[in-house]
Every structure is written in C-alpha cells, then in structure tokens.
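# Architecture at a glance
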Amino acid sequence: MAIAELTETERNAALAELAGWSLSREGKAIERTFTFTDFSEAFAFMTRAALLAEKADHHPEWFNVYNRVEVTLTTHDAGGVSQRDVAMAKAMDALVA
Ligand SMILES: C[C@H](O)[C@H](O)[C@H]1CNC2=NC(N)=NC(=O)C2=N1
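Here's a quick rundown of the structure. The structure displayed is predicted, hence computed values, not measured ones. (Residues numbered from 1 in each chain as written. Predicted model: local features only at pLDDT ≥ 70, side-chain atom pairs only at ≥ 80, totals over all residues. Heavy atoms only, no water.)

Looking now at the site of the ligand. Close to the ligand lie Asp57, His58, His59, Thr74, Thr75, His76 and Asp77, which account for all nearby residues. Between the ligand and Asp57 there is a distance of 2.6 Å, counted from an oxygen atom to a side-chain nitrogen or oxygen. Between an oxygen atom of the ligand and a main-chain N or O atom of His76, the distance comes to 3.0 Å. Coverage of the ligand by the protein amounts to 67% of the 390 Å² it exposes when considered alone. In the shell around the ligand, the residues fall into no nonpolar, five polar and two charged. (Near = heavy atom within 4 Å. Polar contact = N/O pair within 3.5 Å; in protein donor to acceptor, adjacent residues only side chain to side chain. Areas by Shrake-Rupley, 256 points an atom, 1.4 Å probe, with all protein chains shown as cover. Nonpolar A, V, L, I, M, F, W, Y, C, P; charged D, E, K, R; others polar.)

What follows covers the sheet that holds strand 1 (residues 22-24). Strand order in this open sheet of four strands is 1-2-4-3, and the pairing throughout is antiparallel. Each having just a single partner strand, strand 1 and strand 3 (61-65) make up the two edges of the open sheet. If you compare each strand with its neighbour and ignore which way they point, the axes differ by 25° on average. Strands in contact with helix 3 (residues 83-96) are strand 2 (29-35), strand 3 and strand 4 (68-73); relative to strand 2, the strand with the most contacts, it is inclined by about 10°. (Pairing = 2+ DSSP bridges. Helix = DSSP H or I, 4+ residues; strand = E, 2+ residues; numbered from the N terminus. Axes fitted to C-alpha atoms, helices over the stretch in contact; angles between N-to-C directions. Contact = heavy atoms within 4.5 Å.)

Time to look at the side chain of Thr74. Mapped onto the secondary structure, Thr74 falls in the loop between strand 4 and helix 3. Residue Thr74 is classed as buried on the basis of its relative accessible area of 9%. Within the structure, the side chain of Thr74 is placed 2.7 Å from the backbone oxygen of Lys28, a separation counted as a polar contact. Sequence-distant contacts of Thr74, defined by excluding residues within four places in its chain, comprise Arg25, Lys28, Ala29, His58, Glu61, Gly80 and Asp85. (Buried < 20%, exposed > 50% of the residue type's maximum accessible area, 1.4 Å probe, protein only.)

What follows covers the packing of aromatic side chains. Counted under the stated rule, the structure contains four aromatic pairs. Taking the centre distance of 4.7 Å and the plane angle of 35° together, the rings of Phe34 and Phe45 count as tilted. With a gap of eleven residues between them, Phe34 in strand 2 and Phe45 in helix 2 (residues 39-56) connect regions that are remote in the sequence. The exposure class of Phe45 is buried, given its relative accessible area of 3%. One aromatic cluster in this structure is built from Trp21, Phe34, Phe36 and Phe45. (Phe/Tyr/Trp six-rings, centres within 6.5 Å; stacked < 30°, edge-to-face > 60°.)

With 14 residues, helix 3 extends 21 Å between its outermost C-alpha atoms, agreeing within 8% with the 20 Å of an ideal straight helix rising 1.5 Å per residue. Its buried side turned inward, helix 3 meets helix 1 (8-16), strand 2, helix 2, strand 3 and strand 4. Measuring from the side-chain oxygen of the N-cap residue of helix 3 to the backbone nitrogen of Arg84 gives 3.1 Å; that N-cap residue is Ser82. (Expected span 1.5 Å × (residues − 1).)

Right, dumping it as structure tokens:
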C-alpha cells in the first residue's frame, strides 16, 4: 500500500506543531538535532528510537557524535515527507519530553 507525500499545506501545518523540526532537502525531509548531556544519554535515545522505528517499519537517517544526534526523516516510498515522518518525529520528541 503506497504512502502519500504530504502536500505543502499539510507539511507546513505538521511542522508548525513540531517544535525544533525544520524542513530539509528542499522540502523532501524534516530534521532535528537532539543534544544530550553525554554519549551514554545520546545512545540510550538512539536505542529507544531504534526499537520504535523497527516496530513502525519506518527508519531514521541519523548522525551521532558524542552527545549530539542529528535526525533526518523522509519516506522513500513517497518521495518526500509523509505522515509516517510526522508520527516518528512525535515519537522521538516524546522520548525526550
Ligand atoms: C520494505 C519496507 O517496508 C520499506 O523499505 C520501508 C522501511 N523503512 C522506511 N523508512 C523510511 N524512513 N522511509 C521508507 O520509505 C521506509 N520504507
């Protein structure tokens, strides 16, 4: 079952509710940088997020160095940002709330 890319209006509405997230890759992805106290905290976050991602079958692109995790979410199957990215962004935010 194909998943749809959000329209520009839908994307902007979703972003307005996602504090800390912004558009990247010319509107085809969203990104946020998470900062923790140390590597252990950053990696604990990545471990929790990885389990959620596996469950949702929706996987982040990310880069980690020490206490920083840069996350990019996009839906390859949709060729851009979909509801799955928004859901994953919210789930990641909830991990640090
Ligand atoms: C076959 C499998 O369901 C797909 O490849 C899934 C897996 N994880 C995914 N993750 C992300 N971020 N985008 C996708 O389009 C995607 N597709």
